[in-house]
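One letter stands for each residue in the lines below.
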Amino acid sequence: MTTAGPEPTAVDRSVRIEGTVAAPVVTGDRNKVWVGSYLSRHQWLLWLIVLMVMCAIAGIAVLVKAARDAENRRIDPVRTGAYTVTIRGSAVGGSPFEQQGELRIRHATDSLPYEWCLRVGDPWGAPVPGAILFGTNGTCFGPGADVPVVTLTERAGEVVLVPVNPPPALRDSMNAFTATSGIASMAYVPDGGEIRFRPAASKIEGSISLQGIGAFGESGSSTFTATLAATLVSEDPEALLSRPIAPAPVTDTSAPGRRGEQVAGTRYTVKTITLFRRLQGSPDFDKTAQARFAKAVFIVDARDGGLFVYDPPDSRTDIFPVTGTVTTAAPVYVLSGRRSSGEGATAVDAVVGGVLDLSGNEPVIRLTLTTTALTTTTSYEVEAVLRAQ
């Protein structure tokens, strides 16, 4: 049997605790007091300083990230004008290419902020790797639909152009690219991928990564990948961007001479086109064909049995230049030439015939230009005043 001790006196009600007690403490009147560990003022001050430093570091990190994001979002305005452009890439199969062309940025006539028209070579008439026509509006390269044929967005400081899918009809847009070389090469119409670029003062740099389908319903698809670098030449989008005319070599192996050998005779270029009429073929190629004729070089050895060369730029290298012969009936000289390439389904043919009239104050040339590939024939009747070089 346990006998209770004497009741605590009033003096016993005061409890003195030293150190740290992590347990209930019962006083004489049975009130419970929980006593735990505590921090000194110095410890609290230290933790407060650490917390403030951590908050400061976090705040600085947020500000730095915001500044970087703002830098990434900032983009120089796109300047209208005429640019020279160089693209470098690899064709399907791995062959590298480097091509020069032009970029014209105009004030928009549609809902986009500007009209962006890239022309490098001619994928329709001279399908070589690197040839591309890509515009944001259907009228970039001639008659077409005055509507956007791409979507335009800005992402992380870059402008992104994405072709619409499905692509517009050829009568509405001439956008196309060439991915391969050789006789079987052809134009593809972009239906996917993108062009990215970043403007900086008078420069534009970017990349091209497009997918496309056969322009005339051929099965299969292809890709076009390249870098792009452009330099502003004139603030006038329609400024003439000229380039030297290269000498016209003899490339018809059936004609006298060897490939690369110069042809004797007078060299002419087009001064004024007085007639350009399609006789046969699709109207989709009229503007491109006329542009090639306007920049063509003619070499005529004006004597009976002399040589004649018709060399349009940006044309298929397997059938151009065309080399022919001259028959004299001075002062009018009859010109005729033909060049073929390939066999069977890959056969292509170019025929040039007409006259050079030297009876007036200025030389005048009248020609019929005909090209045939498979069962498709395109023919034009042309006339132009020439200038001797």
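Predicted model only: the values in this text are computed from it and were never measured. Counting of residues starts from 1 at the beginning of each chain's written sequence and follows it residue by residue. With pLDDT at 70 or above as the cut-off, local features in this predicted model cover only qualifying residues; side-chain atom pairs require 80 or more to be listed or tallied, and sums for whole chains, interfaces and linings still use all residues. Excluded from the side-chain calculations are hydrogens and water; all other atoms, namely the structure's heavy atoms, are used.

**Overview of helix 2 (residues 286-294)**
Next, step 1: To sort residues, take the accessible area from a 1.4 Å probe on protein chains only and compare it with the maximum for the residue type: under 20% means buried, over 50% means exposed, and anything in between is partly exposed. Secondary structure elements follow DSSP: runs of H or I of four or more residues count as helices, runs of E of two or more count as strands, with numbering from the N terminus. Along helix 2, the positions that sit buried rather than exposed are T288, A289 and F293. Projection of helix 2 onto a plane perpendicular to its axis shows the buried side chains occupying an angular sector of 135°, all on one side.
Next, step 2: The contact criterion used throughout is that any non-hydrogen atoms of two residues lie within 4.5 Å. Those residues of helix 2 that are buried lie in contact with strand 13 (266-280), strand 14 (297-300), strand 15 (307-311), strand 19 (364-373) and strand 20 (376-388). To be clear, the arc concerns the directions from the helix axis to the C-beta atoms.

**Quick notes on the pattern of salt bridges**
Next, step 1: Salt bridges are counted wherever a side-chain nitrogen of Lys or Arg sits within 4 Å of a carboxyl oxygen of Asp or Glu. Under the counting rule described, the total for this entry stands at 17 salt bridges.
Next, step 2: For the salt bridge of D286 with R278, the shortest nitrogen-to-oxygen distance reads 3.1 Å.
Next, step 3: For R303, the salt bridge goes to D301, with nearest N and O atoms at 2.8 Å.
Next, step 4: Owing to a relative accessible area of 47%, R303 belongs among the partly exposed residues under this scheme.
Next, step 5: Three or more residues joined by partner-sharing salt bridges are found here, namely E102, R104 and R119.

**Examining the pairing of strand 13**
Next, step 1: A pair of strands is labelled paired if DSSP reports no fewer than 2 bridges between them. One ladder, built from 4 bridges, connects strand 13 with strand 14; its direction is antiparallel. Counted as the bridge partner of T266 is V300 from strand 14.
Next, step 2: Where strand 13 meets strand 20, 10 bridges bridge the pair, whose relative direction is antiparallel. Bridge pairing links T272 to V385 in strand 20.

**Regarding the nonpolar core**
Next, step 1: W124, F293, F298 and Y310 are the most contacted members of the largest nonpolar core, which totals 39 residues.
Next, step 2: Take the buried Ala, Val, Leu, Ile, Met, Phe, Trp, Tyr and Cys residues and link them wherever side-chain atoms come within 4.5 Å; each set so joined is a nonpolar core. Core analysis: the second largest hydrophobic core is formed by 32 residues, Y83, F177, I195 and A230 among them.

**Quick word on the environment of Q290**
Next, step 1: Within the fold, Q290 resides in helix 2.
Next, step 2: In this structure the C-alpha to C-alpha distance between Q290 and V382, which are 92 residues apart in sequence, comes to 9.0 Å.
Next, step 3: Once residues lying within four places of it in the same chain are set aside, the contact partners of Q290 are I273 and F276.

**Re the state of the cysteines**
Next, step 1: Cysteine sulfur atoms that come within 2.5 Å of each other are treated as a disulfide pair. Going through the model one piece at a time under the given rule, you end up with 1 disulfide.
Next, step 2: Across the disulfide from C117 sits C140; the S-S distance is 1.9 Å. Between C117 and C140, the S-S torsion sits near -70°, and that sign places the bridge as left-handed. A residue pair is termed long-range when its members are at least 10 positions apart, and C117 in strand 5 (residues 115-120) and C140 in the loop between strand 6 (132-135) and strand 7 (150-155) qualify at 23 residues.

**Remarks on the environment of E381**
Next, step 1: Looking at where E381 falls in the secondary structure, it is placed in strand 20.
Next, step 2: Its relative accessible area of 25% is what places E381 among the partly exposed residues.
Next, step 3: As for E381 and T368, which are separated by 13 residues in sequence, their C-alpha atoms are 4.6 Å apart.
Next, step 4: If sequence neighbours within four positions are ignored, E381 has contacts with L275, F276, R277, L279 and L367.

**Points about the pairing of strand 18 (residues 348-357)**
Next, step 1: The buried count for strand 18 comes to 7 of 10 residues, which makes it a mostly enclosed element.
Next, step 2: Bridging between strand 17 (residues 332-341) and strand 18 involves 10 bridges; their strand directions are antiparallel. Each residue of the ladder has a partner; that of R339, found in strand 18, is A350.
Next, step 3: In the sheet, strand 18 pairs with strand 19 via 10 bridges, with the strands oriented antiparallel. Across the sheet, the residue bridging to G354 is L367, located in strand 19.
Next, step 4: Linking strand 18 to strand 19, which pair antiparallel, is a turn of 6 residues.

**Focus: the confidence of the model for the protein**
Next, step 1: Residues at a pLDDT of 70 or more form 76% of the protein, whose mean pLDDT is 79.
Next, step 2: The predictor's confidence in any single residue is recorded as pLDDT, a number from 0 to 100. Low pLDDT, under 50, characterises residues 243-261; the stretch is placed with 35 contacts to residues that sit more than four places away or in other chains.

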